[in-house]
Amino acid sequence: MIFGYVRPLYNDETCEEQLKAISEKCQTIYREPHASPKKRHQLEEMLMAIQQGDTIIVERMVALADTTRQLQDILNICEKDIVSIQFCNEAISNNQPLTCTLQQMMKHYIQFQTDVAKQSALIGIANAREQGKTIGRPRKPDVNIQKAISMYHSGNFTLHDIKNETGISKSTLYRSLENSDENR
């Protein structure tokens, strides 16, 4: 049997891209209704349904796992059960010798880690918004920023003086100066 697995990802929230990549190859597709790494019931159901000789197809590694540990655990389960996993985007399978260079393999690994971080950030932002929290760097009052810029341009104050007087850090001051130069 050929199974497919998809779940909402940071750049494919509706799973359309994943389905486009795997649907013609699969007999049954398990589709997770959420992006959360917890309570992935469809993944659990698929792993319970697989039998020796079956194949699992996913569009890319991050669709299947949220961490390298989880990916390794799933690979171990499939090796024990003699099940093949095909990663379409990476063009690799767990039961075929790798035909890529170490550099290409590292590129796949780094992309997986990047995808995991982006996925995690997306979930974190969604959770924060649900709790009513504001997202991003806290904004300093424009009055303080303008005062800090004026003090800086006067040349009469050190960065330490500016910070003590306005509460604006060196990095915020420089970022504001950079932004004001770009807007001219």
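Below is a short write-up of the structure. (Residues numbered from 1 in each chain as written. Predicted model: local features only at pLDDT ≥ 70, side-chain atom pairs only at ≥ 80, totals over all residues. Heavy atoms only, no water.)

A complete count under the given rule lists two aromatic pairs for this structure. Ring centres of phenylalanine 3 and tyrosine 30 lie 5.8 Å apart, and the angle between their planes is 50°; on these two criteria the pair is classed as tilted. Taken as a pair, phenylalanine 3 in strand E1 (residues 2-6) and tyrosine 30 in strand E2 (residues 28-31) lie far apart in primary sequence, 27 residues in all. Summarising the burial analysis for this pair, phenylalanine 3 and tyrosine 30 share the class buried. (Phe/Tyr/Trp six-rings, centres within 6.5 Å; stacked < 30°, edge-to-face > 60°. Helix = DSSP H or I, 4+ residues; strand = E, 2+ residues; numbered from the N terminus. Buried < 20%, exposed > 50% of the residue type's maximum accessible area, 1.4 Å probe, protein only.)

Now for the pattern of salt bridges. Summed over all chains, the structure comprises six salt bridges. One salt bridge in this structure joins glutamate 59 and arginine 60, with 2.6 Å as the shortest N-O distance. Residue class for glutamate 59 comes out buried when judged on its relative accessible area of 13%. A salt bridge links lysine 147 to glutamate 165; its shortest N-O distance comes to 2.8 Å. Taken together, the residues lysine 147 in helix H6 (residues 142-154) and glutamate 165 in helix H7 (residues 159-166) connect sequence positions 18 residues apart. (Salt bridge = Lys/Arg side-chain N within 4 Å of Asp/Glu carboxyl O.)

Our next topic: the side chain of threonine 166. Along the polypeptide, threonine 166 turns up in helix H7. A distance of 3.2 Å separates a polar side-chain atom of threonine 166 from the backbone nitrogen of isoleucine 168. Once residues within four sequence positions are removed from consideration, threonine 166 is found in contact with Asn144, Lys147, Ala148 and Met151. (Polar contact = N/O pair within 3.5 Å; in protein donor to acceptor, adjacent residues only side chain to side chain. Contact = heavy atoms within 4.5 Å.)

With four bridges joining them, E1 and E2 adopt parallel strand pairing. What sits directly across from glycine 4, in E2, is isoleucine 29. Taking the sense of rotation as the criterion, the β-α-β connection linking E1, helix H1 (residues 16-22) and E2 turns out right-handed. (Pairing = 2+ DSSP bridges. Right-handed = clockwise from strand over helix to strand, strands pointing away.)

The next thing to look at is the packing of H6 against H7. Running from N to C, H6 and H7 cross one another at 155°; their axes reach a closest spacing of 10 Å. Regarding the angle of H6 to H7, the classification is roughly antiparallel. For the pair H6 and H7, the sense of crossing is right-handed. Together, Asn144, Lys147, Ala148, Met151 and Tyr152 of H6 and Leu159, Asp161, Ile162, Glu165 and Thr166 of H7 make up the contact between the two elements. Considered class by class, the residues forming the contact of H6 with H7 number five nonpolar, two polar and three charged. (Axes fitted to C-alpha atoms, helices over the stretch in contact; angles between N-to-C directions. Parallel < 35°, antiparallel > 145°, perpendicular 65-115°, else oblique. Left-handed = near helix turned anticlockwise from the far one by under 90°. Nonpolar A, V, L, I, M, F, W, Y, C, P; charged D, E, K, R; others polar.)

The next subject is the pairing of E1. The buried count for E1 comes to four of five residues, which makes it a mostly enclosed element. Of the strand pairs in this sheet, E1 and strand E3 (residues 55-58) are connected by three bridges, and their pairing is parallel. The residue bridging glycine 4 from the neighbouring strand is isoleucine 57, located in E3.

Okay, the side chain of arginine 40 next. With respect to the helices and strands, arginine 40 occurs in the loop between E2 and helix H2 (41-49). A residue is classified by how much of its surface remains accessible, and arginine 40, at 6% relative accessible area, is buried. Reaching out from arginine 40, the side chain makes a polar contact with the side chain of tyrosine 5 at a distance of 3.1 Å. Those residues within four positions of arginine 40 in sequence are excluded, and the remaining contacts are Tyr5, Arg7, Glu32, His34, Ala63, Leu64, Ala65, Asp66 and Gln70.

Now for the nonpolar core. Grouped together as the largest cluster of nonpolar side chains are 24 residues, with contacts concentrated most on Met46, Ile50, Ile56, Leu64 and Phe87. Elements with a contribution of two residues or more to this core: E1, H2, E3, helix H3 (61-64), helix H4 (68-80), strand E4 (84-87) and helix H5 (102-130). The contact partners of methionine 46, leaving out residues within four places of it in the chain, are Phe3, Gly4, Tyr5, Tyr30, Ile56 and Leu64. One finds Ile145, Met151, Ile162 and Leu177 within the second-largest nonpolar core, a separate group that totals eight residues. (Core = buried A, V, L, I, M, F, W, Y, C linked by side-chain atoms within 4.5 Å.)

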